[in-house]
Amino acid sequence: MFERYTEGARRTIFFARYEAAQTGSPYIDTEHILLGLLREDRALCNRLLPDVNYESIRKELHAAIEEGKKTALSADLPLSNASKRVLAFGAEEAVRLAHRHIGTEHLLLGLLREEKQLAAGLLRERGADLTKLRLEISQLPTPWSSGKVLPSPRLGNDFEIVEIHGERWNGEYIREIVKTFRKFNWYWNRCAWRESDVVARVSDGAISRDLSLAADSANFRLVAGGWKKDECLICQWELFRSEDHPEHGIGYTNGREWLCTECYEKFFAS
Ligand SMILES: [Zn+2]
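Residues numbered from 1 in each chain as written. Predicted model: local features only at pLDDT ≥ 70, side-chain atom pairs only at ≥ 80, totals over all residues. Heavy atoms only, no water.

*Asks:* What is the right way to read the pattern of salt bridges from this model?
*Replies:* Once their charged atoms are close, side chains differing in charge can pair, the charge on each being opposite to the other. Taken as a whole and assessed by the stated rule, the structure comprises 17 salt bridges. Where Arg126 meets Glu125, a salt bridge forms, and the shortest distance between an N and an O atom there is 3.6 Å. Using a relative accessible area of 58% as the deciding quantity, one classes Glu125 as exposed. Overlapping salt bridges, with partners in common, bring together Glu92, Glu93, Arg96, Arg113 and Arg134 in one network. (Salt bridge = Lys/Arg side-chain N within 4 Å of Asp/Glu carboxyl O. Buried < 20%, exposed > 50% of the residue type's maximum accessible area, 1.4 Å probe, protein only.)

*Asks:* Is there a simple way to explain the coordination of the zinc ion in this structure?
*Replies:* Ideal geometry at a metal centre gives angles of 109.5 degrees when four donors are arranged tetrahedrally and 90 or 180 degrees when six donors are arranged octahedrally. At the metal site, the zinc ion is ligated by Cys232 (SG), Cys235 (SG), Cys260 (SG) and Cys263 (SG), and these contacts range over 2.3 Å. Its four donor atoms give the zinc ion angles of 102 to 114 degrees at the centre, a pattern that matches the tetrahedral case. All donors to the zinc ion come from one chain, and their sequence spacing reads C-x2-C-x24-C-x2-C. Here the residue Cys232 occupies a position in the loop between β7 (230–231) and β8 (238–239), and Cys263 occupies one in helix α10 (residues 261–268), the gap between them amounting to 31 residues. Across this residue pair, the class does not change: Cys232 and Cys263 are buried. (Donors = N, O, S within 2.8 Å, 3.2 Å for Na, K, Ca; no water. Tetrahedral: all angles 85-135°; square planar, octahedral: opposite > 155°, others 65-115°. Helix = DSSP H or I, 4+ residues; strand = E, 2+ residues; numbered from the N terminus.)

*Asks:* Help me understand the pairing of strand β9 (residues 250–253) in this model?
*Replies:* Regular strands have side chains that alternate between both faces of the sheet. Two strands pair when backbone bridges link them, and strand β3 (residues 189–192) and β9 are joined in this way by four bridges, in the antiparallel orientation. Looking at the pairing, Cys191 lines up with Gly251 of β9. The pairing of β9 with strand β10 (residues 258–260) spans three bridges and is classified as antiparallel. Residue pairing in the sheet places Thr253 in a bridge with Trp258 of β10. (Pairing = 2+ DSSP bridges.)

*Asks:* Sorry, what's going on with the nonpolar core here?
*Replies:* Considering soluble globular proteins, one finds that nonpolar side chains tend to be buried as a cluster. Ranked by size, the top nonpolar core spans 40 residues in total, and within it Leu49, Leu108 and Leu123 carry the most contacts. Contributing elements (two or more residues each) for this core: α1 (7–22), α2 (30–40), α3 (42–48), α4 (54–64), α5 (81–96), α6 (104–113), α7 (118–125) and α8 (130–138). If we skip the residues at most four places from it in the chain, Leu49 touches Leu44, Leu108, Leu123, Ala128 and Leu133. Within the second largest apolar cluster, 24 residues are counted, among which are Trp169, Cys191, Ile234 and Leu259. (Core = buried A, V, L, I, M, F, W, Y, C linked by side-chain atoms within 4.5 Å. Contact = heavy atoms within 4.5 Å.)

*Asks:* Mind showing me how you'd approach the side chain of Glu19 here?
*Replies:* Its location among the elements puts Glu19 in helix α1. With near-sequence residues (within four places) excluded, Glu19 lies in contact with His32, Leu35, Gly36, Arg39, Tyr54 and Arg58.

*Asks:* What's the story with the confidence of the model for the protein chain in this structure? I'm lost.
*Replies:* Regions with low pLDDT should not have their predicted coordinates read in detail. For the protein chain, the mean per-residue pLDDT works out to 85, and 88% of the residues sit at or above 70. pLDDT under 50 marks residues 150–157. Its contacts with residues more than four places away, or in other chains, come to nine contacts. (pLDDT = per-residue confidence, 0-100.)

*Asks:* Help me understand the environment of Trp169 in this model?
*Replies:* For Trp169, the location among the structural elements is in strand β2 (residues 167–170). Classification of Trp169 by relative accessible area gives buried; the value is 2%. Through-space distance from the C-alpha of Trp169 to that of Cys235 is 8.8 Å; in sequence the pair is 66 residues apart.

*Asks:* Where do I start with the packing of α1 against α2 in this structure?
*Replies:* Think of two packed helices as two axes; the pair is described by the angle between the axes and how far apart they sit. Running from N to C, α1 and α2 point in directions that differ by 125 degrees, and their axes come no closer than 7 Å. Here α2 runs oblique to α1, going by the angle between their axes. For the crossing formed where α1 meets α2, the hand is right-handed. The residues of α2 that touch α1, namely those facing Gly8, Arg11, Thr12, Phe15, Ala16, Tyr18, Glu19 and Ala20, are His32, Ile33, Leu35, Gly36, Leu37, Arg39 and Glu40. Residue classes in the contact of α1 with α2 are distributed as seven nonpolar, four polar and four charged. (Axes fitted to C-alpha atoms, helices over the stretch in contact; angles between N-to-C directions. Parallel < 35°, antiparallel > 145°, perpendicular 65-115°, else oblique. Left-handed = near helix turned anticlockwise from the far one by under 90°. Nonpolar A, V, L, I, M, F, W, Y, C, P; charged D, E, K, R; others polar.)

*Asks:* Which parts of the structure should I look at to understand the sheet that holds strand β6 (residues 220–227)?
*Replies:* Strand pairing in a sheet takes place through backbone hydrogen bonds and is either antiparallel or parallel in direction. Strand order in the open sheet formed by three strands is β5-β4-β6, and the pairing between neighbours is antiparallel. The open sheet is flanked by β5 (207–208) and β6, the only strands paired with a single partner. Relative to β5, strand β4 (residues 196–201) is paired through two bridges, and the arrangement is antiparallel. Counted as the bridge partner of Ala200 is Ile207 from β5.

*Asks:* For this particular structure, what's the right way to read helix α9 (residues 171–182)?
*Replies:* Helical geometry note: an α-helix holds 3.6 residues per turn, so side chains three or four residues apart project in the same direction. For α9, with 12 residues, the first-to-last C-alpha span of 16 Å sits near the 16 Å given by 1.5 Å per residue. Burial in α9 covers these residues: Gly171, Tyr173, Ile174, Ile177, Val178 and Phe181. Along the axis of α9, the buried residues cluster in a sector spanning 155 degrees; they form a single face. (Expected span 1.5 Å × (residues − 1). Arc of directions from axis to C-beta.)

Okay, here's the thing in structure tokens:
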């Protein structure tokens, strides 16, 4: 059922199960999928649903239901029939948009199509409109969600697979993302990764990479070497300094972002 799901969509379902368990619900219902989505893909929700906020929806839901006994997360909570239809609608929306993957954006449309359910009502109350969202989603960079392809025996020939660090990715997604980054004409310099300085706010330790804040020494202090890790822009491979894992210690940078050597050499250098 979940073969074509992106990692984000799978995590949405995982979080939905968690939300259902939290309230002792015997099913994963549409409102749990909505909460899972708000938790998983904040970037999408901020962009498309500026008036929908995880905390406010969660509060409203928790006030409306009598909290049951929490179910252990491992309990295999089934999807309600409405939730199953949401997933089916999501798959339909992906087809309509000619997307091979099913991502968080399609689940959102699926939620709205299951009109009589709580999730759709909550979304509509906050200004979400199916027709408008369809249009906006069709204009998102594609694929919106991560193109990582999770191992599946039924993958078939649907995808062109490329391997990065031994993991399988959707080749089309990688090509798209490389094309996007190439537009910027960055110079990628191969070098050893090293920590960089950050500024921390004294009152709560909040971190910024804007070092000019340190001039305000009453409120901020410089933390030398406080930035401990970066991630490859494409595959999220971690770059950090470690004697045990020298392969994480070298990459290509434009001075701000990083690419792992494998992504650079496979997709950019060619
Ligand atoms: Zn990479």
